[in-house]
Amino acid sequence: MQPKFFNVINDELRGSEQTHAVTDPRTEDELWPCPIASTQDFEDAVAAANKAFESWSQTTLTERQGLLVKLADNLEQHRGELATYIGKETGKSVILSNIEIDGAVKQCLYYSQNGLEDEVQHEDENSKLVATHVPIGVVGAICPWNFPLILSNIKVVSSLVTGNCVIVKPSPFTPYGVMKWVELARGILPPGVLQVLNGGAELGQAMTLHPGIQKISFTGTTSTGKRVMASCAKTLKKVTLELAGNDAAIVLPDADLDKAVPSIASGGFFNAGQVCVASKRIYVHESIYDEFLKRLVGEVEGKYGIQEEAAAPSVFGPVDNKMQFDNVKSIVEDCHKNGYDIVTGGKTTGVTSTGKGFWLPPTIVSRPPESSRLVQEEQFGKSDFCYPPQYERAFHQRDTGPILPILSWSDENDVIKRANLDNAGLGASVYSKDLKEAERVARRLEAGSIWINQSERPRFEAYFSGLKDSGFGGEMGKQGLLAYAYTKVLHFTKN
Ligand code: NAD
C-alpha cells in the first residue's frame, strides 16, 4: 500500500491540494505524493505554536527531559518504517539510514541528561549574581537534505529541552522521513509544541519573515544562509546558521598510513561525500605522496564501489538529487576537459546496470591546480528542471559529492595558508604519529572543529560551529543550547 504523508499542525494531520513527489536517487522512479503546506497551514501552525508556548515554557527541565526519552523510544519503535523512507528519499543504504536513526536517538538521550541550569556568575559578601536561561519562543527549523533526520532532530531536541516550541521544515528533496517522524510522535508532547510543514524556499522565507517565529535555526548552503540572515534582520529574530564547508585534511610526513588512509577514504566518501564536514581537500606531504595515493586508491576501489542494492553493506550511495548530481558531474567533466590526472573513477555515464539513478563512482584527482574548480570553487546552478521554481536553490557548492582532490605540500606555512580559506572554516583534520606536532598544526587551522588522526565526525557532546562563511553561531553540546535561550541575570543584594 502506498504510504501517505501529512503536514502536522496542532497534532492534526493535513493533506494539501498541492503535492510534489521526490525522485528516488537510486533508480529515478517517482516516489510518493507529499503535501505542500499552504499559507493557511503555515499561519495555523504559527498560531498553534504560540498558544502552546504559554504552558510549554512553564514546564520544568526535568519534565521536558523525560519527554525526550519518550521521543527516543518512539524512534526506536518505528525504526524500520522511518529508515525505509529515509533510504528511499536520500538513496542511502540500509546501514546509512539506520545511522540516521541511531544519531537521532542519541541526540534525544544526550539532552535528556544535559540541559541548561542556573549558574552563579559571581558571589561576594554583598551580592550574588545568578544567570538563568529562558526559552525564546517559537523556533523555525529549516533543514537540508544530506542527513534529513539527524539535522532536523538536533534542532528539535535543542528547542524542546530549552522550553521552546518548534516548527520543522525539511528539505523538499527529503520530506518523507521527517514528516512521518513528527506524525508518529503525536501524543508525546502537547499539541502545537512540535509541528512539521513541507515546502521549499518560499515557505522557508516566510518562516524567516514571520513575527510569530522568534528564532530560526538554519542548516544549508552559505548563499541561502545569507538570505536567511537578511530576512531575519527585519524582525530581529535570533538566528543560527550551520553552513557549507570545504574541509582540508593535512597529512604530515610521519603519519601512520595504515590508519590515515582508511580514515581519509571514509572522510571523503562516507555517504558519497555528502557530508558538510567531509574531507574535501587532502594535503599530503611530498615525501609520502606517491605511497599515500597508491594506498588511498586501493582503499577506495576496494571499499567504496557502487552497489545498486540498498541492502548491500555499503556506506557509499548515489548523489541525493538531480540538481546536485549535475553539479558534481560538471566538476568531473571540468577535470576531464582540463586534463587533470584522474586516478580512479571519473565516469559520468553508464555506471549502473540500468543506466538510471544519480550515481557517480568515487573519483580521485591527483594534484589538480589549487585554483581549479574542484579545489576552490562555489559554482552557480539552477534546479528548475527538477522542481518547481519555489524550490529553486540559487547557488550550490561543489562540496557535496564523491570527488576528492589529493594535493601535495612541503612547506608548513604554505600548506596552512592553502588550507585556511578566506570564505570557509567548518572543519579540518590533521594526521601525525606525534600528537604534540599534530596539535600544534591543528591550532593553526581556522575551522570550528579540528579532528586529529580521524576524519570529521561531529559528536553530540561537542559544540559544532563554522568560522567565516561556514556559519553564524553553532549547535550541539551544552553550549549549543545557549543559542535556544535568552540568558537573564538575577542580581541579589545581601544587605
Ligand atoms: P539549501 O541552502 O539549498 O537549502 C536548505 C534549506 O533552506 C531547505 O530546506 C530549503 O528549502 C530552504 N531554503 C531555500 N531557500 C530559502 C530561503 N530563501 N529562505 C529560507 N529557507 C530557504 O541547502 P541544501 O542543499 O539543502 O543543503 C546542503 C548544504 O548544507 C551543503 O552546502 C552542506 O555543506 C550544508 N550543510 C551544512 C551543515 C552544517 O552543520 N554546517 C550540515 C549539513 C549540510
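Residues numbered from 1 in each chain as written. Predicted model: local features only at pLDDT ≥ 70, side-chain atom pairs only at ≥ 80, totals over all residues. Heavy atoms only, no water.

Draft legend 1. Geometry of the overall build of the protein chain. The number of helices and strands found in the protein chain is 15 helices and 24 strands. Over its C-alpha atoms, taken along the principal directions, the protein chain stretches across nearly 70 × 65 × 40 Å. Taking all 495 residues of the protein chain together, 60% fall into the buried category. Counted over contacts in the protein chain with a minimum sequence separation of 6, partners at least 24 positions apart contribute 76%. When the accessible surface of the protein chain is totalled, it reaches about 19600 Å², and 52% of it is carbon and sulfur. Here the protein chain holds 50 positive side-chain charges and 61 negative ones, and the gap between their average locations is 1 Å. (Helix = DSSP H or I, 4+ residues; strand = E, 2+ residues; numbered from the N terminus. Buried < 20%, exposed > 50% of the residue type's maximum accessible area, 1.4 Å probe, protein only. Contact = heavy atoms within 4.5 Å. Areas by Shrake-Rupley, 256 points an atom, 1.4 Å probe, with all protein chains shown as cover. Lys, Arg positive; Asp, Glu negative; His and termini not counted. Charge placed at Lys NZ, Arg CZ, Asp CG, Glu CD.)

Draft legend 2. Expanded view of the sheet that holds strand β5 (residues 119-123). Taking strand neighbours across the sheet as the criterion, the three strands line up as β5-β6-β24 in an open arrangement whose pairing is antiparallel. Two strands bound the open sheet, and with one partner strand each, they are β5 and β24 (485-493). Between one strand and the next, the sheet's axes are offset by a mean angle of 25°, whatever the strand orientation. As paired elements, β5 and strand β6 (residues 127-135) share four bridges and run antiparallel to each other. Looking at the pairing, Val 120 lines up with Val 130 of β6. (Pairing = 2+ DSSP bridges. Axes fitted to C-alpha atoms, helices over the stretch in contact; angles between N-to-C directions.)

Draft legend 3. Focus on the pattern of salt bridges. Taken as a whole and assessed by the stated rule, the structure comprises 30 salt bridges. The salt bridge partner of Glu 437 is Arg 440, with a shortest N-O separation of 2.9 Å. Taken as a pair, Glu 437 and Arg 440 lie in helix α14 (residues 435-442) at a separation of three residues, close to a single helical turn. Judged by its relative accessible area of 37%, Arg 440 falls in the partly exposed class. Ionic contacts of the salt-bridge type, sharing partners, join the residues Glu 12, Arg 14, Asp 41 and Asp 44 into one network. (Salt bridge = Lys/Arg side-chain N within 4 Å of Asp/Glu carboxyl O.)

Draft legend 4. Broad picture of the packing of aromatic side chains. Using the criterion set out here, one finds eight aromatic pairs in the structure. Geometrically, the ring pair formed by Phe 5 and Tyr 176 is tilted, given 4.7 Å between the ring centres and 45° between the ring planes. Of this pair, Phe 5 sits in the segment before β1 (7-9) while Tyr 176 is found in helix α6 (residues 176-184), placing the two residues 171 residues apart along the sequence. Judged by relative accessible area, which is 0%, Tyr 176 ranks as buried. Centre to centre, the rings of Tyr 110 and Tyr 111 are 4.9 Å apart; their planes meet at 70°, and the pair counts as edge-to-face. Each of the two residues, Tyr 110 as well as Tyr 111, counts as buried. The aromatic ring of Phe 147 is capped on one face by Lys 92, whose charged end is 3.8 Å from the ring centroid. Lys 215 extends its terminal NZ or CZ atom over the ring of Tyr 484, reaching a point 4.7 Å from the ring centre. (Phe/Tyr/Trp six-rings, centres within 6.5 Å; stacked < 30°, edge-to-face > 60°. Lys NZ or Arg CZ within 6 Å of the ring centre and 35° of its normal.)

Draft legend 5. Just the layout of surface pockets, in detail. Within this model, the second largest pocket holds a volume of roughly 320 Å³. Each of domain 1 (7-243 + 474-490) and domain 2 (248-459) accounts for three or more of the residues forming the lining of the second largest pocket. (1 Å grid on protein atoms, 1.4 Å probe; cavity = no way out; pocket = protein on both sides within 12 Å on 5 of 7 lines; lining within 4 Å. Points joined across faces, edges and corners; volume = space filled by probe spheres on them. Domains from an automatic or database assignment.)

Draft legend 6. Inspection of the packing of helix α9 (residues 257-269) against helix α10 (residues 289-303) at higher detail. Relative to each other, α9 and α10 sit at 55°, their axes nearing to 9 Å. Considering the angle they form, α9 stands oblique to α10. Where α9 crosses over α10, the handedness of that crossing is right-handed. Counting all contacts with α9, which are made through Leu 257, Asp 258, Val 261, Pro 262, Ile 264, Ala 265 and Phe 269, the residues of α10 involved are Glu 291, Phe 292, Arg 295, Leu 296, Glu 299 and Val 300. (Parallel < 35°, antiparallel > 145°, perpendicular 65-115°, else oblique. Left-handed = near helix turned anticlockwise from the far one by under 90°.)

Draft legend 7. Highlighting the domain arrangement of the protein chain. Domain boundaries assigned for the protein chain yield domain 1 (7-243 + 474-490) and domain 2 (248-459). Domain 1 and domain 2 are separated by 29 Å when their C-alpha centres are compared. With 36 residues of domain 1 at the interface, the matching set in domain 2 holds 38 residues. Buried area between domain 1 and domain 2, both sides added, is near 3000 Å², and the carbon and sulfur share of it is 58%. Of all residues in domain 1, Arg 26, Trp 145 and Phe 173 bury the most surface against domain 2, accounting for 25% of the area lost on that side. The tally of links between domain 1 and domain 2 comes to eight residue pairs in polar contact (both at pLDDT 80 or more). Of all the secondary-structure elements, those providing two or more residues to the side of domain 1 that touches domain 2 are β3 (19-23), α3 (79-90), α4 (94-113), α7 (201-209) and α8 (222-233). (Buried area = accessible area lost by both parts, 1.4 Å probe. Polar contact = N/O pair within 3.5 Å; in protein donor to acceptor, adjacent residues only side chain to side chain.)

Draft legend 8. Molecular detail of empty space enclosed by the protein. Enumeration according to the criterion identifies five cavities of 30 Å³ or more in this entry. Taken as a whole, the largest cavity spans an internal volume of roughly 90 Å³. What lines the largest cavity is a set of 15 residues, and nearest its centre among them are Arg 281, Ala 419, Ala 424, Gly 427 and Glu 446. Of all elements in the fold, only β12 (247-251) and β19 (427-431) reach the threshold of two or more residues within the lining of the largest cavity.

Draft legend 9. Quick peek at the sheet that holds β12. Here we have seven strands laid out as an open sheet, ordered β14-β15-β18-β13-β12-β19-β20, and mixed in their pairing. Looking at strand neighbours, the two that pair on one side only are β14 (341-344) and β20 (449-452), the edges of this open sheet. The average angle at which neighbouring strand axes cross in this sheet is 25°, direction not considered. Pairing between β14 and strand β15 (residues 363-366): three bridges, direction antiparallel. The partner of Asp 341 across the bridge, within β15, is Ser 366. Its contacts with the sheet put helix α11 (residues 322-337) on β14, β15 and β18 (403-409), and the angle it makes with β18 is roughly 45°. Contacts between α14 and the sheet are confined to β12, β19 and β20, with β20 contributing the most and set at about 160° to the helix.

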